[in-house]
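Architecture at a glance
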Amino acid sequence: MTGYIIRRLGEAIIVTLGVTMITFALLHLLPGNLAHDVLGPRASPQELAQFTQQNGLNRPIYVQYWLFLEKLLHGNLGYSYQYNRSVDSLLASELPRDLVLGGLSLIFALLIAIPVGVAQAVRRNGVLDYTSTGVSFLLYSMPQYAIALLLIQFLSISFHVLPAEAPQSSSALGMLAHPAGLVLPVASLTLVTFAQFSRYMRSSAIDTLAQDYIRTARAKGLSERLVLWRHLLRNSLVTVVTLVGLSIPLVITGTLIIEQVFNFPGAGLEYLQATLSNDYEVMLGITVLVGVVTVLGNLVADIGYAILDPRIRY
Amino acid sequence: MRSSIPGSGTENAPAEAGDRKPVDVDVLPEGGEVAATGNPWAVVARTFAQNRLAMFGVGVVVVVTLFSFIGPLFHPTDQLNPNLLEVHLPPGGGHLLGTDSQGFDILGRLMEGGKSSIEVGLAVGIIATLIGLIYGAVSGFFGGAVDGVLMRVVDVGYAIPVVFLFIFMSQLVTPSLTLLIALLVAVSWLIPARLVRGETLSLRTREYVQAVQVMGGRSWRIILRHIVPNTIGTIMVTVTFQVANAILTLAVLQYLGFGLPPSTPTWGGMLSEGTTYLQDGYWWQVYPPLFIIVITVVAFNFIGDALQDAFDVRLQER
């Protein structure tokens, strides 16, 4: 087990390095001149040259990459020239708000998807199974923004029940202070996530139901309820670890589109704005962060799975 | 990893259903699975054909394809020159589904958009799966260090957020149909690569593969003649799901403003364009494209799901 964890950690580090390398290289292919973008059209050639010199933009790309990596290891994600703030401080104010959106949606999606998925597996090919399958297929097949826009259409435009814009507060607590504005973004993201989770739960519970220990439990005369609670549900919960691990990056990336629709002040929206204004270190910082979080999420899922399921031996 | 009854999935279903309730004919494996000894394709085809959702999916795909490619013959419209005298017309009169903000006929535009959406979807699904297939088969077959390196590359690809990648790229170059297909392929081949690699790991230990090796068969021959054909189930399932995903991703990119220019109509483009007029009540600009996207993607997903059952393959990625 320890060997497995160490090996996975090693792989994770290699993959993280790969992610930084590719993102860095891609961003350096972007057209445009950073000095020109930052100093504006009226900067003199001397000023441009000085900026280029100071920021090491004229050095070979591998040196620049190395410097970037060095800063990254010190937790420095770069500097936003648009806002004159470090990317760290930008993210420090945005990530808590993303956590509210992503975290709440994750919790709601799990709370709905676990019972629904298990119930679908137990009553396979029943009415509930078909209905839920239909609903999740439908949600799965809609562009994310369409789900959000339909909610807006019905709940904000047709019936003025809920606001169509997220609260524009500067802190996570401030967001929570306006729950009405959070309902639609959280609901949209929950629906998107639920579609994937319930399918996953269903097939995992069907697998579990076919296992020998379920048959044994039934054969020894356990009541159906005990079989479900003690054997099926508990074992299906191992799947939840995978789901949570895999959706950690969703807390940041999956929200990009939802953030755009509801004007939710988070990292995804920040990213879109950064691309429009060529705020290149912000783009680099956020992409690398998402990449690292994805790798971490997979790591957590794999290790959690190995710890929770004693049948898995590596 | 998972303990399974010999003979795998086909036997699980009745054991589970038969335990508790009277034998349900629909849940039992199709009789052919036990009797059929000859042609495995016949079994697959029969299982597939018995799945009502799959048949619905096939029907929808056929209808949508005919609609997009043959439809313009019966309903010719001008989708190149905006007609500013006829903007935002509600359905009725000369325009069955009304017109959009440029005066384009929505019905005709749905057909045009269908062409590009289906072309992108099919091209991406097929090319990405082929690349992933070869990559995964090589990685799994050689194993060891080769596998380690190749799979880390796939991991890196997985960790780079797709939407972010597209936004980079759209800044570099003006998107065209070919470029968009190439980009979607660049992010889509990872899934089949992982799946095929997993399957190859178990296939390469089979006797027939070892027999060829002992007889001195070349690696490439083994991969192409003995491994790749045995992953056909996974391949067909993946292609179907990839088509669905590509159509969806295209729609999302279009919404973010990083897709094809308006001169190439797509369903996603129509939908995102229509949603800007949501508040004005121009519903005919929103619901027709949304409906056709959803029903096409659902159809491909139904087909993929049924193929998965028919070939009895397990896709953990889904």
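These numbers were taken from a predicted model, which means no experiment stands behind them. (Residues numbered from 1 in each chain as written. Chains lettered and ligands numbered in written order. Predicted model: local features only at pLDDT ≥ 70, side-chain atom pairs only at ≥ 80, totals over all residues.)

1. As for the overall build of chain B
For clarity, the cut-off: Secondary structure is summarised from DSSP: a helix means a run of H or I of at least four residues, a strand means a run of E of at least two, and numbering begins at the N terminus for each. Exposure classification rests on a simple neighbour count of other C-beta atoms within 10 Å of a residue's own: a residue reaching 20 or more is buried, one at 12 or fewer is exposed, and one in between is partly exposed. C-beta atoms are placed from the backbone. Each residue gets a C-beta atom placed from its backbone, and two residues are in contact if those atoms lie within 7 Å.
Helices and strands together make up the secondary structure of chain B, namely 15 helices and 0 strands. Relative to its 318 residues, chain B shows a buried fraction of 44%. Contacts in chain B between residues far apart in sequence, at least 24 positions, make up 69% of those at least 6 positions apart.

2. Description of the packing of helix α13 (residues 232-256) of chain B against helix α14 (residues 267-275) of chain B
Residue and element names in this part refer to chain B. Note the threshold: As a rule, the C-alpha atoms of each element are fitted with a line to give its axis, helices using only the stretch in contact, and angles between N-to-C directions run from 0 to 180 degrees. Here the word oblique covers every angle except those under 35 degrees (roughly parallel), over 145 (roughly antiparallel) and from 65 to 115 (roughly perpendicular). Each crossing is labelled by how the near helix is turned from the far one, with a counterclockwise turn of less than a right angle marking it left-handed and a clockwise turn marking it right-handed. Nonpolar residues are Ala, Val, Leu, Ile, Met, Phe, Trp, Tyr, Cys and Pro. Charged residues are Asp, Glu, Lys and Arg, and all others, Gly as well, are polar.
Viewed as axis vectors pointing N to C, α13 and α14 meet at an angle of 40°, and their least axial separation amounts to 8 Å. Regarding the angle of α13 to α14, the classification is oblique. Where α13 crosses over α14, the two elements pack in a sense that is right-handed. Listed contacts from α14 to Leu250, Ala251, Val252, Gln254 and Tyr255 of α13 are Trp267, Gly268, Gly269, Leu271 and Ser272. Here the contact of α13 with α14 is built from residues that sort into 6 nonpolar, 4 polar and no charged.

3. Concerning the domain arrangement of chain A
Residue and element names in this part refer to chain A. Here is the rule: As annotated, the domain borders come from an automatic or database domain assignment.
The domains assigned to chain A are domain 1 (2-87) and domain 2 (93-265 + 285-308). Centre-to-centre, using C-alpha coordinates, domain 1 lies 34 Å away from domain 2. Counting from both sides, the interface comprises 13 residues of domain 1 and, opposite them, 11 residues of domain 2. Residue composition of the side of domain 1 that touches domain 2, by class: 8 nonpolar, 4 polar and 1 charged.

4. Side note on helix α7 (residues 144-158) of chain A
Under the convention used in this document: Residue count minus one, scaled by 1.5 Å, sets the expected span of a helix. Bend at a residue means the angle formed by two fitted axes: the first through the 7 residues ending at that position, the second through the 7 residues beginning there.
Compared with an ideal rise of 1.5 Å per residue, which puts 15 residues at 21 Å, α7(A) spans 20 Å between its outermost C-alpha atoms and is within 8% of the ideal. The sharpest bend along α7(A) measures roughly 30° and falls at A:Ile152. Along α7(A), the residues classified as buried are A:Gln144, A:Tyr145, A:Ala146, A:Ile147, A:Ala148, A:Leu149, A:Leu151 and A:Ile152. Along its buried surface, α7(A) packs onto α6 (127-140), α9 (179-209) and α12 (255-262) of chain A together with α13, α14 and α15 (287-311) of chain B.

5. Some points on the environment of A:Val238
Along the polypeptide, A:Val238 turns up in helix α11 (residues 224-247). Separated by 71 residues in sequence, A:Val238 and A:Asp309 place their C-alpha atoms 7.1 Å apart.

6. Quick look at the environment of B:Val237
Residue and element names in this part refer to chain B. Structurally, the position occupied by Val237 is in helix α13. Residue classification places Val237 among the buried residues on the basis of 26 C-beta atoms within 10 Å. The spacing of Val237 and Gln254 is 17 residues in sequence and 26 Å in space, taken between C-alpha atoms.

7. Description of the nonpolar core
Here is the rule: As used here, a nonpolar core is made of buried Ala, Val, Leu, Ile, Met, Phe, Trp, Tyr and Cys residues. They are joined through C-beta atoms within 7 Å.
By size, the foremost hydrophobic cluster in this structure holds 145 residues, and its most contacted members are A:Ala148, B:Leu184, B:Ile247, B:Ala251 and B:Ile293. Among residues more than four places away in sequence, those in contact with B:Ile247 are B:Ser117, B:Gly121, B:Ile293, B:Thr296 and B:Val297.

8. Section: the interface of chain A and chain B
Taken together, the 41 residues of chain A in the interface contact 37 residues of chain B. Sorting the residues of the side of chain A that touches chain B by element identifies α1 (2-29), α6, α7, α9, α12, α13 (267-276) and α14 (280-308) of chain A as the ones contributing at least two each.

9. Looking at unusual backbone geometry
All names here are of chain A. Despite not being glycine, Asn263 shows a phi value in the positive range, around 55°. Structurally, the position occupied by Asn263 is in the loop between α12 and α13. The exposure class assigned to Asn263 is partly exposed, which follows from the 13 C-beta atoms found within 10 Å.

10. Notes on the confidence of the model for chain B
Residue and element names in this part refer to chain B. Let me state the cut-off plainly: As a per-residue quantity, pLDDT reports the predictor's confidence and falls between 0 and 100.
Averaged over all residues, the pLDDT of chain B is 78; the fraction at 70 or higher stands at 86%. Averaged pLDDT values over the elements of chain B bottom out at 37 in helix α1 (residues 9-18) and peak at 90 in helix α6 (residues 106-142). Note on residues 1-28: pLDDT under 50 across the span, and 24 contacts to partners over four residues away in sequence or across chains. Throughout residues 30-36 the model reports pLDDT below 50, and contacts reaching past four residues in sequence, or to other chains, amount to 9 contacts. Both confidence scores are given for the complex: pTM 0.81, ipTM 0.79.

11. Observations concerning the environment of B:Leu248
Structurally, B:Leu248 can be placed in helix α13. Ignoring sequence-local partners within four residues, the contact set of B:Leu248 consists of A:Pro143 and B:Val297.

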